[in-house]
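Take a look at the letters that make up each chain.
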Amino acid sequence: QVQLVESGGGLVQVGGSLRLSCAASGSIFSINAMGWYRQAPGNQRELVARIISGGSTNYAESVKGRFTISRDNAKNTVYLQMNNLEPEDAAVYLCNAAVVTRPNRYVLSAWGQGTRVTVTS
C-alpha cells in the first residue's frame, strides 16, 4: 500500500503565495514521477505540474512563471510553490505519484485526498 498526504492548502488573497507539500509513504521501492493536479467545481481535473525522478519538469501554460514544482527524493516528497495566485487557481489540488512498489516492483498510480486552495479578491 502507498499513501500520499498533502498539506499546505488554505485561503489566500489574489497575488499571494502558498506552498503545497505531498509526502508519499508505504511500500515504495522508487517513485518515477510526482505531480500536482487540480479540479475546480464543474471542471475536469487538469495537470498543474509534474516532475520526474531525473528532475525534468513540465507545467500547465496557465501556471508557467508563477508555480514551481520541486522534489526531495530522500523524503519521497513533492512541493508546489505557488506565487502570484489568481482567482482561477482556486481548486482542490491533488498529488499524484507513479510508484514502483515493494516487493514485486509493480507500478501504480497513487493519489492523495486533495487539499483546497481558495483565492479571494
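Before any of the text, the structure's been laid out above.
Description of the structure in this document. Nothing here was measured: the structure is a model prediction, and the numbers come from that model.

### A word on the environment of Thr115
Tracing the backbone shows Thr115 in strand β11 (residues 115–120). The spatial distance from the C-alpha of Thr115 to the C-alpha of Cys22 is 9.8 Å, given a sequence separation of 93 residues. If sequence neighbours within four positions are ignored, Thr115 has contacts with Glu6, Ser7, Gly8, Gly9, Leu20, Ala91, Val92 and Tyr93. Reaching out from Thr115, the side chain makes a polar contact with the backbone nitrogen of Gly9 at a distance of 3.2 Å.

### Focus on the state of the cysteines
Counting across every chain of the model gives one disulfide. Note on cysteine connectivity: Cys22 is disulfide-linked to Cys95, with sulfurs 2.1 Å apart. Taking the torsion about the S-S bond as the criterion, the Cys22 to Cys95 disulfide, at about -85 degrees, is left-handed. Of this pair, Cys22 sits in strand β3 (residues 18–26) while Cys95 sits in strand β9 (residues 91–101), and the two are 73 residues apart along the sequence.

### A few points about the nonpolar core
Of all hydrophobic cores here, the largest spans 31 residues; its most connected members are Trp36, Leu80, Met82 and Tyr93. The contact partners of Leu80, leaving out residues within four places of it in the chain, are Leu18, Arg19, Leu20, Trp36, Val48, Ala49, Phe67, Thr68, Ile69 and Tyr93.

### What about the side chain of Ser21?
Mapped onto the elements, Ser21 comes out in strand β3. With a relative accessible area of 18%, Ser21 lands in the buried category. When residues no more than four places from it in sequence are discounted, the contact partners of Ser21 are Val5, Glu6, Ser7, Trp36, Val78 and Tyr79.

### A look at the sheet that holds strand β7 (residues 67–72)
The strands making up a sheet associate through backbone hydrogen bonding, with each pair oriented either parallel or antiparallel. Pairing is antiparallel across the open sheet formed by four strands, whose spatial order is β1-β3-β8-β7. The sheet is open, and its two edges are formed by β1 (2–7) and β7, each paired on a single side. Geometrically, the sheet is characterised by an average inter-axis angle of 15 degrees between neighbouring strands, direction not taken into account. Looking at chain direction, β7 and strand β8 (residues 77–82) are connected through six bridges and run antiparallel. The residue of β8 that forms the bridge with Ser70 is Tyr79.

### Here's the deal with the environment of Gly9
Structurally, Gly9 is set in the loop between β1 and β2 (10–13). A relative accessible area of 32% places Gly9 in the partly exposed class. Setting aside anything within four residues of it in sequence, one finds Gly9 in contact with Leu18, Leu20, Thr115, Arg116 and Val117.

### Some words on the pairing of β9
The element β9 is largely enclosed, with a buried count of nine among its 11 residues. Relative to β9, strand β4 (residues 28–39) is paired through 10 bridges, and the arrangement is antiparallel. Looking at β9, one finds that Ile28 is bridged to Thr101. In this sheet, strand β10 (residues 107–111) lies alongside β9 in antiparallel orientation, the contact comprising five bridges.

### Describing the packing of aromatic side chains
By the definition in use, this model includes one aromatic pair. Against the face of Trp111 rests Arg45, its NZ or CZ located 4.6 Å from the ring centre. Taking the ring centre of Phe29 as reference, the NZ or CZ of Arg105 above it sits at 3.6 Å.

Analysis parameters
- Residues numbered from 1 in each chain as written.
- Predicted model: local features only at pLDDT ≥ 70, side-chain atom pairs only at ≥ 80, totals over all residues.
- Heavy atoms only, no water.
- Helix = DSSP H or I, 4+ residues; strand = E, 2+ residues; numbered from the N terminus.
- Contact = heavy atoms within 4.5 Å.
- Polar contact = N/O pair within 3.5 Å; in protein donor to acceptor, adjacent residues only side chain to side chain.
- Disulfide = S-S within 2.5 Å.
- Core = buried A, V, L, I, M, F, W, Y, C linked by side-chain atoms within 4.5 Å.
- Buried < 20%, exposed > 50% of the residue type's maximum accessible area, 1.4 Å probe, protein only.
- Pairing = 2+ DSSP bridges.
- Axes fitted to C-alpha atoms, helices over the stretch in contact; angles between N-to-C directions.
- Phe/Tyr/Trp six-rings, centres within 6.5 Å; stacked < 30°, edge-to-face > 60°.
- Lys NZ or Arg CZ within 6 Å of the ring centre and 35° of its normal.

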